[in-house]
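Fold and geometry: a report
Single-letter residue listing:
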Amino acid sequence: MKLVSFQSGSGIRPGLVVDGRGIIDVASAVQAAQEAGLVDKTLNVPSSVLDIIAGQAPMRAACETILLEVRAGKFAQSVVPASDVTLVAPIPRPAKNVFCVGSNYRAHVSEASRAQKKEDKTPKLPVFFTKPPTAVVGPEESVLLDPSVSDKMDYEVELGIVFGKAGRNISQADAVDHIFGFTIINDVTARDLQRAHGGQFLKGKGLDTSCPMGPQIVTIDELPNYDNLRISLTVNGDLRQDGNTKDMIFPIPRLIESLSAGLTLEPGDLLATGTPSGVGYAMDPPHWLADGDVVTCEIEGVGTLTNTIRQAG
């Protein structure tokens, strides 16, 4: 399944993508399916993608039933043409900070070491940090550039994990069972703030609009080769990053095992898994994001996420 959140006259609603048909309004379709006796009438009608994720197997089964019915020509009243839909971030307001991983692609570690003139060492453990919910924006939304705060804004395309099952001290063997699906995250970073605050990442990576996300969540059953996907980023059409998720230093099961040690992960939590080489600050000379720049992230099988840099005020 491919899940989105879209703007409607009644607010933000959860949707299912039906290729060639449009977006299914899940709340409307669940109600119609319940009236038709196709879905359990005791099932709560979801008002968000988070509700769908938290609904576990019964909600997923309901969504799969609805997809089959729509593909068979049913519930047309619940399908909105894609051209009429404005997408927002799939999870517009995460329940907690977005978990992130730094230094998880070897070539990126090398370019960062070279740019910072420090020893090139592969990390022994994953480097974790977070971005607050207020950093999240969706596809085609602006990423704000405020020169009075930072004049060294950078980009980082990343594969984002969406967790679907709670867990603590999750083993690598069980890690995949906790994944609901995947999305794209652009870990926009104020490099000057990242360096200035004692090496702590939160300030430089936590500015408003610094976590573009989307355009959709692709469930793991549709992306079994998540560990071998092309991942790339362009600025104004110029290819800057071009890698593959197979090049992660710490594969996804290892990341989940490490992050969940003594820390409970919950349905709807997000983890950005690191970025390949090609970031702006490691170029010679450095290339910082500027007002009007169009940044496009693409991950094979997940989609394309585009945002424009806009000077604040």
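Refer to the structure printed above.
To keep things clear, this report deals only with the structure shown in the data block. Every chain is numbered independently, its residues counted from 1 as its sequence is written. Confidence filtering applies because this is a predicted model: local features only for residues at pLDDT of at least 70, side-chain atom pairs given and counted only at 80 or more, and all residues used for totals across whole chains, interfaces and linings. Values reported for side chains reflect all heavy atoms of the structure, with hydrogen atoms and water molecules removed beforehand.

1. With respect to unusual backbone geometry
Cis geometry is adopted by the peptide bond preceding Pro215, which originates at Gly214 and carries an omega value of -5°. In DSSP terms, a helix is any run of H or I states spanning at least four residues, a strand is any run of E spanning at least two, and both are numbered starting from the N terminus. With respect to the helices and strands, Pro215 occurs in strand S14 (residues 211–219). Note the cis peptide between Asp284 and Pro285, where omega equals 0°. Mapped onto the secondary structure, Pro285 falls in the loop between strand S17 (270–272) and strand S18 (294–299). With phi around 55°, Gln56 is a residue other than glycine that occupies positive phi space. Along the polypeptide, Gln56 turns up in helix H3 (residues 56–71). Despite not being glycine, Thr209 shows a phi value in the positive range, around 70°. Mapped onto the elements, Thr209 comes out in the loop between helix H7 (202–205) and S14.

2. Here's the deal with the environment of Leu125
In this fold, Leu125 is placed in the loop between helix H4 (106–116) and strand S7 (127–131). Per-residue accessibility, obtained with a 1.4 Å probe over protein chains only, is compared with the maximum for each type, and a residue is labelled buried under 20%, exposed over 50%, and partly exposed between these values. We classify Leu125 as exposed; its relative accessible area is 54%. For the pair formed by Leu125 and Glu140, sequence separation is 15 residues and the distance between their alpha carbons is 35 Å. By the convention used here, residues are in contact when the closest approach between their heavy atoms is within 4.5 Å. Filtering out sequence-adjacent residues up to four positions away, Leu125 remains in contact with Phe250 and Arg254.

3. Some details on the sheet that holds strand S15 (residues 230–235)
If you trace the five strands from one edge of the open sheet to the other, you get S9-S19-S18-S15-S16, paired in mixed fashion. Of all the strands in the sheet, just strand S9 (142–145) and strand S16 (238–244) have a single pairing partner and so form its edges. Averaged over neighbouring strand pairs, the angle between their axes works out to 20° when direction is ignored. Sheet analysis places S18 next to strand S19 (residues 303–311), joined by six bridges and oriented antiparallel. Its bridge partner being in S19, Ile299 is matched across the sheet by Gly303. What makes two strands pair is DSSP finding at least two bridges between them. Each axis is a line fitted through C-alpha atoms, and for a helix only the stretch in contact is used; angles between axes span 0 to 180 degrees, taken between their N-to-C directions.

4. A few points about the environment of Leu43
Topologically, Leu43 is positioned in the loop between helix H1 (26–35) and helix H2 (49–54). A sequence separation of 217 residues divides Leu43 from Ser260, and the C-alpha atoms of the two residues are 30 Å apart.

5. Comments concerning helix H8 (residues 252–260)
Residues Ile252, Pro253, Leu255, Ile256, Leu259 and Ser260 constitute the buried set of H8. Down the axis of H8, the sector holding all buried residues measures 160°, keeping them to one side. Gly262 lies just past H8 and shows a positive phi near 75°. The directions considered for the arc are those from the helix axis to the C-beta atoms.

6. Points about the pairing of strand S6 (residues 98–102)
Buried residues dominate S6, accounting for five of its five residues. The alternating pattern of S6 places Val98, Cys100 and Gly102 and Phe99 and Val101 on opposite faces, both of which are buried. Relative to S7, S6 is paired through five bridges, and the arrangement is antiparallel. When the bridges of S7 are listed, Cys100 appears paired with Phe129. Strand direction decides the pairing type here: S6 and S17, joined by two bridges, are parallel. Residue pairing for S17: Cys100 is matched across the bridge by Ala272.

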